[in-house]
Every structure is written in structure tokens, then in C-alpha cells.
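# Survey of secondary and tertiary structure
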Amino acid sequence: MAVPARTCGASRPGPAPTALPWPGRGPRPGPGARRPLLLLLPPLLLLPLLAAPGASAYSFPQQHTMQHWARRLEQEIDGVMRIFGGVQQLREIYKDNRNLFEVQENEPQKLVEKVAGDIESLLDRKVQALKRLADAAENFQKAHRWQDNIKEEDILYYDAKADAELDDPESEDVERGSKVSTLRLDFVEDSNFKNKVNYSYTAVQIPTDIYKGSTVILNELNWTEALENVFIENRRQDPTLLWQVFGSATGVTRYYPATPWRAPKKIDLYDVRRRPWYIQGASSPKDMVIIVDVSGSVSGLTLKLMKTSVCEMLDTLSDDDYVNVASFNEKAQPVSCFTHLVQANVRNKKVFKEAVQGMVAKGTTGYKAGFEYAFDQLQNSNITRANCNKMIMMFTDGGEDRVQDVFEKYNWPNRTVRVFTFSVGQHNYDVTPLQWMACANKGYYFEIPSIGAIRINTQEYLDVLGRPMVLAGKEAKQVQWTNVYEDALGLGLVVTGTLPVFNLTQDGPGEKKNQLILGVMGIDVALNDIKRLTPNYTLGANGYVFAIDLNGYVLLHPNLKSQTTNFREPVTLDFLDAELEDENKEEIRRSMIDGNKGHKQIRTLVKSLDERYVDEVVRNYTWVPIRSTNYSLGLVLPPYSTFYLQANLSDQILQVKYFEFLLPSSFESEGHVFIAPREYCKDLNASDNNTEFLKNFIELMEKVTPDSKQCNNFLLHNLILDTGITQQLVERAWRDQDLNTYSLLAVFAATDGGITRVFPNKAAEDWTENPEPFNASFYRRSLDNHGYVFKPPHQDALLRPLELENDTVGILVSTAVELSLGGHTLRPAVVGVKLDLEAWAEKFKVLASNRTHQDQPQKCGPNSHCEMDCEVNNEDLLCVLIDDGGFLVLSNQNHQWDQVGRFFSEVDANLMLALYNNSFYTRKESYDYQAACAPQPPGNLGAAPRGVFVPTIADFLNLAWWTSAAAWSLFQQLLYGLIYHSWFQADPAEAEGSPEARESSCVMKQTQYYFGSVNASYNAIIDCGNCSRLFHAQRLTNTNLLFVVAEKPLCSQCEAGRLLQKETHCPADGPEQCELVQRPRYRRGPHICFDYNATEDTSDCGRGASFPPSLGVLVSLQLLLLLGLPPRPQPQVHAHASRRV
């Protein structure tokens, strides 16, 4: 482990050092002597001489000289912080006001158990509402009488997309002149839903590719209307309920309360059956192998349909499922680098989707090779997998072989693997063998003749998987809680409780029980509602609560971000990716997934809030399971947050006195006050502008008291107490000091209570830190580090350099105030100063020089040999202060002042690399899986021409070939090529308006540097032939600074590799995905599995035409379609016929 900055040592014993006053920015020292020549001496002599003929001889400073400069720097920093920081004064103020607060203890075990119990109670109320809804839905559907002659005008409901469709002149219903009687509703704004809602009605959403007027859909709308009253009654019993949703297996979504649908700008592709919560509730986990026929007959449109179908099939899988994809002709091979089943998470599915696009049709069809490969994959027990439903999905254009011998060998008689077959494209093959394969193996046969049939037919297999669940009856009626995902209606991050709804009808007395799943009932719980049950501000800036599920994905975590890119993708952030991974955290994660309790203190690395720094810290982890759920709750506390202060301001006169220091009228004399934008009272209006927020706060406090029931008394009392305490700091430490004498732009104090006081008032104009101390990087880092933490202004390499003309650029120096009260140690505040960059850069030169008198630089005589210093010899000697993240803080080079805050490798790559290679710095690499990336610009880069099957001369001479599928496929290609000239051109990378064209999630690689194991003074040489450089580096005691003195480079021939710190995009989705799947992280699947029932009726296994079409008829129909009818942007697909009851 690297040694953190705080372990560098304490201040030296003896009298307190005094700061060196600096009278502003007087004239700068003149330039040194002309640049001397480098005398090349053996590398072992670390202190060679630099000399120039006819000039004074200068040598590289001796080690003891540079150590002397380092001590002067340490003393100057310590002296200024002792005078202006106010640490000691603030300690005394807290002790003097000891009667105004109490010291409370955070007891981790009690805290996590209480929060876990509160979350369990919250979710249990939703479970009861779910059960009422599911029972009611099953009864309503059972009592419903099917109507063959139902008309659109017979149904009255609120179509959630009606308003958007009426505004769209190209809408399907506008073209049809829809007869559906759509309700017109009034809506009211509701902050809980972040939306306008109507509590008297439900809303209905129907996917774009489903015809609203079909008999199946109209009957579905008819019986689900009765759910409205149950939704309303649920809300009456529990007013905290959010969205209540019934997702039907037909694709209809009915949700409450009603609100207009949030339709995208382009095509609305939302289908409830593809949402994470529906997939998880509709079937048990799956092990799926997809095999794709890529023989020579599969080309052109058919191959394109297959690629799209596979991608759509992958979207029906969740993180509880496992999958692999292979292509086959005479032989079978995986399409990607994955050689076995892998978890169907977002990143793995992306790998599959990209790999599928590279499939090329050639060779002959070999079903045997494809199925043997698939069965071998499913029988591999040496890997992590779902171990529940097992299935093979085969996409082909047709064939004659039934491969019965393969099924006899691998699957019969138990038929533990279901086989689903998909006949893709328009062809004249006999589909009977495909039907037989599916029916003989408890699967289903589907046809995908065109692109409009893909989505509906790649998700219907869920009905088959739902059969054992339906037949299990009450045993399968168990509520499951989902992973985190982004709500489609704008609630933000949510989890959903799901409960399947079964068809309880029977065709007649003594008939077999119905096997159909009607749909899934769901109730949303916003993560913000769960967060409200966690401790508020008593855990300190670096303490937090988190929760994970059985996959190890976080449900709660301060590093979990809301997803604004593509709500269709689930939010799957692993606990080990939310934090910096180590062995201790792996052990904690495993214990939590297993549902155990535990406590462990660990030393670990944490990333700073601004993601520029890494600190080594001590943390206490405590965890317990949340009963009746698949979640586990954890609490993280730094040792210094075991205790916290609770104000006890019973004296109302004192309350008024301290409150007056929040009034802007007091700022000129007492300094500017920023207050943390917390929820102090229910009626307090929030604002991103702190001045406006303070104004709102003051206006509210004039109406209510800090003890009001509508206010958080803990937050208010602590805020007012800290207002008074920081004002006393102004009186005792700041008001009578001349900041200009010491080149300070400001002094400041920030507290756990939410106060940030900046003195003098004018300095607040340039204050850019977060007004919430718990969200300020300087505050959190100061708590985790002993000593003085320097924070230079943040600079990006792509932005303009700092502007120094107005003399307002400052460097923050902060330190935590540690109190010892009654034997308890805590850190309730952080104090610091803001250094004037340019003035302190001049001061830095003087402190790192050989001056014996303040105003007299040392001059070397004509015959003397002198050591160079950072002031006189700044043309030859580079002197810098670099912080523990590798960012430039101060330099003796005037031209580098505007580069302060940049990663030092961007300033001097050669020297930074040497510091890293000599263990002054250690590198930590991690990946941000929550980043959002803009789509690549449209174009044909990387695309290939459409695959076209080219027949041989022998084919043309063979009469049978002219009636084959290959001939028909070629004819299709020629027709499309004549009508649509772009058909033979390369596919564009992304279609305009497609989901992929939007901003999507991506992976960014992050690199942070922190102090390595070297903790002493160190001399070294950068060996580069004639361009070699000497350098000296030394840590400054009680700071996070590294003092570096080096020869300036004489040439650029030594430029080696440049260390990178800037976040970079990972085109391959982060660390090599193919390697990661070989080391899968520990996880557990759901506790229940329903993949078999002895009473299952498998006779319904799909139907399709098996007669060979007439070539003349097909050609006529194709020409009619292509030439006689206008193309439709989105073909309508009717609901599956099996939905009829």
C-alpha cells in the first residue's frame, strides 16, 4: 500500500515557526547569468557542475541545501496556517461553547438494522398493494367474456399517446381516422411523480407496431378497465404509492395515475414486454444459446433480418440470464470471443451485437453442427450460469434435416432443453422440419418474413417459458424486486416490485388448466424514497449508506448516477466498480450477496469527489440483509465520524443573535456566508443560486421558528450554532489581520452544520467551491488527510490557461479541525486560506534561494563556485511544488504560472515520468461505467457492402435451382437493387432516429496518481545521453506537496512516453471484456426457478405454411408491393393469435 500524505510526519518540535511577510508584488528579481553549458560527467556523480567559460561557475544544489529550502517552505506554510487558519482558535471556541451542543454516537450495527427494517416496511406496503392488484386482475380476466365482434367505438379509455399522435400528421391513427373513443383529461402537477397526473383515471400505452383496433387488443382493454378502481383504492390505503402498472403479454400497458406518454422525438419503440421489470417477472432465469444459419442461401435481406433478430432477441434478456451466440454452416463457431455462456449484461450484449454484424453467408447448411455446439454449451457445468430454463434459439431460412439423432443423444427423453426455431425471410422451403424440431423439444416455431415481424416474434417465447410458472400456481406467486433502472415516465432511478398475473380460465369442465401468463403487475419505488430512510448528515461528509442486490449491483450508493442517456438500458453498476476494488471489498460483497451480517475495518483507496485524487483511508464497513428482499444494506464510516455534534440551542435569544449573522447586512464585517442547500423545512423553496436560497431561507425563518414541526430541527439548530461559532472565529483570528501582508486572497471555514464563511466579503465573488461542504472536494479530502491540503485551480489541458491579469487566481490550503471532547475524537470543521498565486510564486523563489537577507539575492564572485538556486538561476533551474495528485501548484518559471492546476506531465512530461519511475507516485486505473458518450457521426466508415449471393454457371444450368430459395433470394436482391439504388451500397453505421443514434452509455478509463512509497529526500539523474538531467525531490512535511528541483532540459531528444491523467474513452467498453468473463464476479441468482411442470401441454408449438409458393405468383406480388404501394415507415403487427381466450 502506498503511504498517504497524512503519514509524512508531524510538525517539528520546538518553537512555532513564524511566517515571512511578503509586501505584495514588488519588482521581480532580474534574470540570472546567461545559460551555461552542461559538463557531461559520469552518471554516478549526482552533483556535477554547470559552468560557462568566462562566467561564474554554478553547481547543482547540494542535497542538504535543498533540504534547507524544503524546511523554509514548510515553516512558511505552517506559520501562515497557524496565524490565519484558526485551527487552535476554533478548538477553543468549541470548548467555550460546550454547553450549546452534545456529542452523539453513531452505532453502526444499530443504524444498519434500523434502516434495513425501515426499508423492509416500506417495500412490504408495496407488496400488499401488488398482491391486491394481481388477484383482482386474475379475477377480472376470469369473469370476462370474449367478444369476437367488439368494435373500436365500444371502448372508452385514455390513450397516453393520443395527444402526441394528433400533433403528428403522419400518425397511423390520423391516417386511419381512428374510431377509438379517447378520453380527454385534465392534469395537475405532482412533485412526487415529477409529472402532470390525473388521479381519477388510468392511462393506456400500446406499442407502435401493434394495431390498436385488433380484436385481441380491444378485449384486453375491455377487461383491464376494471383495474382502475383497484389502483385508486391502493392509493387511498397508501398515499405514498407511485406508478402502479399492469404490463400485458399482448403489449398493452395500463398504468395509474394517468399522465401523457413521454414520447421520443422519433419513433417510439417502447414495449412493456422488453422492460427489465417485465422480463424479470414473466419468467425464471434463462440459459440461452442462439445459433444462426450462415450458409450460402442466407444472404441479402434474409441475413440482414437474422442479424436484426438476434439483436432483438438479446434485448429480451436480463442480468439474471446467461447467453452465447454462434453461427453455423458445415461447422459451428461462436460469433464473438466468448467461448461459453456469459451473463447477459449490457456490456456483454454489446459485444454480441457488434460481432453479429460481421457474420457472412457461405457454405452449406449443417443443423447437426449447430445443435451439437449448442447442447455442449448448455451441458458445460464448469462455468457460472443461471441453472434454470435452458433453451436453444435457431434462426435459419429453412432446411430438410431434422437432426433427430442429435436430440436423442442430448435431450430425450427428459427434454430439459427447449428448442425454438425461427424461419427467417421469404422462401419456398418446407418448414415442417423446423416445426417438428420445436414441437418435439417443448419449444415453439416462429416465422419472420419481414422486418416488421421481428420484435413481436423474438419476445413471444416468454409465453412458453411462463407455462411452468402458471401451472405452479400460488407457489410461483412470489414478489421479486428488480435491479435499478431508469423510469420511462420520468421518476428517475427506481426499483420495481413485480408479480406475475396468470390466466385462470378453463375451456370447460375437466379441461386442462390454462397455461398462459396474462402479464406482470408492477409497482415502482423511487430510490429517493429509500434514501430518505437513511441517516441525514449525521454520518459526516465521508460516511454513507449503500445497498446491493444478488448480482452485486448497487441499489444505493453515493457514486450511483442517474441515467439520462437511454432509459431502455438497465443501470447495472457493480459495487466493485462504484468503489475502488480490492480484496477486502470483494470479501464484503460476497458476504452481503450471501445474506450475512458482518463488520470489518479496512484500509482502502477512495477517489476524491472531483475524481482527480486518490487517498488511502481507513473505513469501517457494517452490513445486514434486508429481509423479504434480495437486497443487502451496508454502512461505511470513517473512524472520525463515529461521533458527531448535535446542537442544543434552547436559548431563543441566542438563536436570534446567531441568526443575525446569516443576514447579508452582516457580511461586510463578518465575512460572506454560504449555507448548504439542504431540506431544512418542508416549505423552503430550493434554488441552485445560493444567494437566492439564503434569501428564501431567511424569509421562511421570519415566519417559523427552528423548533417548528415542519422543519428538521437537527439541521436547523446545527446550522445556526455553526453560524455563531464561525462568527466568533472572525473575531478571534481574522478581523484584525492584514491578509495582503501575507499575500492571501481569503480565509475560510466550513462546517458539518452546512456553513461556509469566507472572509473578507469581497472574496466571495471569486469563491467557486460547492456551498454544500459534504459535496466540496477540499472539505472531504481535508477530513481524510492530516496536515495541510493544497488544492490548485482545476485546469483542463484543452482549456485556455489561467488569466492572471486581475490577480484573483488562488490556491486553496485547508486542514481539518480535530476536537477531543470527553475522550471522543471528531472533526466537525475545516479551515483554510486562499493563496494569491502570483505573489506566492515569487515568495516560493525567495524561500528556495540562497538569500541571506530578504532584499539581497546572493551574487557569486568572479572566482567563486556557487550553488544554483530557484531565484537567481531560474533560467537554468526548474523548481516546482506538485501536489499528491501530480498537479502543478507553484513554479519558479513565470511562463508556467498560467499552467498551475494542470497535470505535471502536460508541463514537463520527462520529469513527471522520472518521478513516477522512481516511486514518488503510484498510479491507480479504474473505469467509469456510467459515462455518456455522443454517437459517432453517420457515415459508411466500417460498413461493408450488402452480402449478395452469386450463383455459379452450374446453378444457372440446373433447372431445380431456379425454383430454390437461393434463386428467390437473388431475385429479391435484384428487385430491391432496381427500386432502391442504395440497397447494394454499404450500410450506414447508424440509422437516423434509431435508438443507437442517441447519446448512449459508454466506458471511460480514469487514471489517478497518488504518493508512492518514497518518503524521504531523493536525488536522481534522468539518463538520456547528452540530454541527461539531474533532479532532487522531497516531500514537504505535514502537507500534500512534493518539492522538486531539476535542471531545465537542454534539448528535446529525451522526450519519452507521456503519462496520461485525463479521462479517456474506451472503444472496447473498458477492460478487455473477453478476459473479464473468464473471471466472473461472484453472484447468486433468484432463489426460485420454474422451468418444468409435468402437466405442461406442449401441443401448442407454432404453425406456419409448408407449401412451396409459385414463382410467378411471388414475382407478381413482389412487383405489386414494390411498384404499386407507397412504402410504410412502420408495418403494423397484430397481437399473437394465441392470446384469444
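Description of the structure in this document.

The rules behind the values
- Going along each chain's sequence as written, the residues are numbered from 1 onward.
- This being a predicted model, a pLDDT of at least 70 is required before a residue's local features are given, and a value of 80 or more before pairs of side-chain atoms are given or counted; all residues contribute to the totals for chains, interfaces and linings.
- The side-chain figures draw on all heavy atoms in the structure; neither hydrogens nor water molecules are used.
- Buried, partly exposed and exposed residues are distinguished by accessible area as a fraction of the type maximum, computed with a 1.4 Å probe on protein chains only: under 20%, between the cut-offs, and over 50%, respectively.
- The helix and strand labels rest on DSSP assignments: H or I over at least four residues marks a helix, E over at least two residues marks a strand, and numbering proceeds from the N terminus.
- The arc refers to the directions leading from the helix axis to the C-beta atoms.
- The term nonpolar core refers to a set of buried residues drawn from Ala, Val, Leu, Ile, Met, Phe, Trp, Tyr and Cys, joined through side-chain atoms within 4.5 Å.
- Axis definition: a line fitted to C-alpha atoms, limited for helices to the stretch in contact. Angles are taken between N-to-C directions and run from 0 to 180 degrees.
- To sort the angles, those under 35 degrees are grouped as roughly parallel, those over 145 as roughly antiparallel, those from 65 to 115 as roughly perpendicular, and the leftovers as oblique.
- Any pair of residues with heavy atoms lying within 4.5 Å of one another is described as a contacting pair.
- Three residue categories are used. Nonpolar comprises Ala, Val, Leu, Ile, Met, Phe, Trp, Tyr, Cys and Pro, charged comprises Asp, Glu, Lys and Arg, and polar comprises the others, including Gly.
- Two strands pair under a simple rule: DSSP has to find at least two bridges between them.
- A helix is expected to span 1.5 Å for every residue after the first.
- Think of a polar contact as two N or O atoms within 3.5 Å of one another; within protein, one of them needs to be a possible hydrogen donor and the other a possible acceptor, and neighboring residues in sequence only count if both atoms come from side chains.
- Call a crossover right-handed when, viewed with both strands pointing away from you, the route from the first strand across the helix to the second goes clockwise.
- Only a pair of cysteine sulfur atoms within 2.5 Å qualifies as a disulfide here.

### Quick notes on helix α2 (residues 87-96)
Taken residue by residue, α2 has Val-87, Gln-89, Leu-90, Ile-93 and Tyr-94 as its buried positions. Mapping the buried residues of α2 onto a view down its axis gives an arc of 160 degrees, with all of them on the same face.

### A closer look at the nonpolar core
Ranked by size, the top nonpolar core spans 96 residues in total, and within it Leu-744, Leu-915, Phe-1031 and Phe-1043 carry the most contacts. Counting residues per element, this core draws most heavily on helix α1 (residues 63-85), at eight residues. Core analysis: the next-biggest nonpolar cluster, separate from the first, contains 44 residues, Ala-116, Val-525, Leu-556 and Val-636 among them.

### Some remarks on the packing of α1 against helix α25 (residues 837-847)
Viewed as axis vectors pointing N to C, α1 and α25 meet at an angle of 140 degrees, and their least axial separation amounts to 9 Å. One way to sum up the angle between α1 and α25 is to call them oblique. Contacts between α1 and α25 involve Trp-69, Arg-72, Leu-73, Glu-76 and Val-80 on the former and, on the latter, Trp-840, Lys-843, Phe-844, Val-846 and Leu-847. A per-class count over the contact of α1 with α25 returns seven nonpolar, no polar and three charged.

### What to know about the pairing of strand β26 (residues 614-625)
Each regular strand shows side chains that alternate between the opposite faces of the sheet. Of all twelve residues that make up β26, eleven are buried, and the element is covered over most of its length. Summarising the sheet, strand β25 (residues 598-607) and β26 pair through ten bridges and their orientation is antiparallel. Opposite Lys-600, over in β26, you have Tyr-621 as the bridge partner. In the sheet, β26 pairs with strand β27 (residues 632-637) via six bridges, with the strands oriented antiparallel. In the strand pairing of β27, Asn-620 is matched with Leu-637.

### A closer look at the sheet that holds strand β30 (residues 744-751)
If you trace the six strands from one edge of the open sheet to the other, you get β29-β31-β30-β34-β33-β32, paired in antiparallel fashion. Either end of the sheet is taken by a strand with one partner, and the two such strands are β29 (672-675) and β32 (789-791). Strand-to-strand, the axes of this sheet are offset by a mean angle of 20 degrees, without reference to chain direction. As judged from the four bridges shared by β29 and strand β31 (residues 755-759), these two strands associate in the antiparallel manner. Pairing of His-672 across the sheet is with Val-758, part of β31. Helix α23 (residues 713-734) contacts β29, β30, β31 and β34 (824-836) of the sheet and is inclined by roughly 25 degrees relative to β31. This element, helix α24 (residues 777-784), spans β30, β32, β33 (810-821) and β34 of the sheet and lies at about 125 degrees to β34.

### A word on the sheet that holds strand β41 (residues 1029-1035)
Read from one edge to the other, the open sheet built from five strands follows the order β37-β36-β42-β41-β40, with strand pairing classed as antiparallel. Across the chains shown, the open sheet's two edge strands, defined by having one partner strand only, are β37 (888-891) and β40 (1018-1022). Here the average twist between neighbouring strands, direction ignored, is 25 degrees. Bridging between β41 and strand β42 (residues 1041-1047) involves five bridges; their strand directions are antiparallel. For Ala-1033, the partnering residue across the bridge sits in β42 and is Val-1044. Relative to β37, α25 is tilted by about 60 degrees, and along the sheet it contacts β36 (877-883), β37 and β42.

### Side note on helix α22 (residues 690-701)
Here α22 spans 16 Å end to end across twelve residues, near enough to the 16 Å set by a 1.5 Å rise per residue. Burial in α22 covers these residues: Asn-690, Phe-693, Leu-694, Asn-696, Phe-697, Ile-698, Leu-700 and Met-701. At its buried positions, α22 is contacted by α20 (652-659), α21 (667-670), β29 and α23. Capping of α22 at its N-terminal end is provided by Asn-689; its side-chain oxygen lies 2.9 Å from the backbone amide nitrogen of Thr-691.

### Quick look at the pairing of strand β17 (residues 417-424)
The buried fraction of β17 is high, at eight of eight residues. Alternating positions in β17 separate into two faces, Val-417, Val-419, Thr-421 and Ser-423 on one and Arg-418, Phe-420, Phe-422 and Val-424 on the other, with burial throughout. Where strand β16 (residues 389-396) meets β17, seven bridges bridge the pair, whose relative direction is parallel. Across the sheet, Met-394 pairs through a bridge with Thr-421, a residue of β17. In this fold, the crossover linking β16 to β17 by way of helix α12 (residues 404-410) has right-handed handedness. Sheet analysis places β17 next to strand β18 (residues 444-448), joined by five bridges and oriented parallel. Within the sheet, the bridge partner assigned to Ser-423 lies in β18 and is Glu-447.

### Description of unusual backbone geometry
Backbone torsion omega between Tyr-256 and Pro-257 reads -5 degrees, so that peptide bond is classified as cis. Cis geometry is found at the peptide bond from Trp-412 to Pro-413, where omega equals 5 degrees. Within the secondary structure, Pro-413 sits in the loop between α12 and β17. With a phi angle near 55 degrees, Asn-387 is a residue other than glycine that sits in the positive phi range. The residue Asn-387 is located in the loop between α11 (367-379) and β16 in this model. Accessibility expressed as a relative area gives 47% for Asn-387, which makes it partly exposed. Phi is positive for Asn-1038, which is not a glycine, with a value near 65 degrees. Within the element layout of this structure, Asn-1038 appears in the loop between β41 and β42.

### Some details on the state of the cysteines
Scanning the model with the defined rule gives five disulfides in all. Between Cys-337 and Cys-1074 runs a disulfide, and the two sulfur atoms are separated by 1.5 Å. Given an S-S torsion of about -75 degrees, the disulfide between Cys-337 and Cys-1074 has left-handed geometry. Of this pair, Cys-337 sits in the loop between β14 (332-334) and β15 (342-343) while Cys-1074 sits in helix α29 (residues 1073-1076), and the two are 737 residues apart along the sequence.

Treat this as a map of the structure, not an account of what it does.
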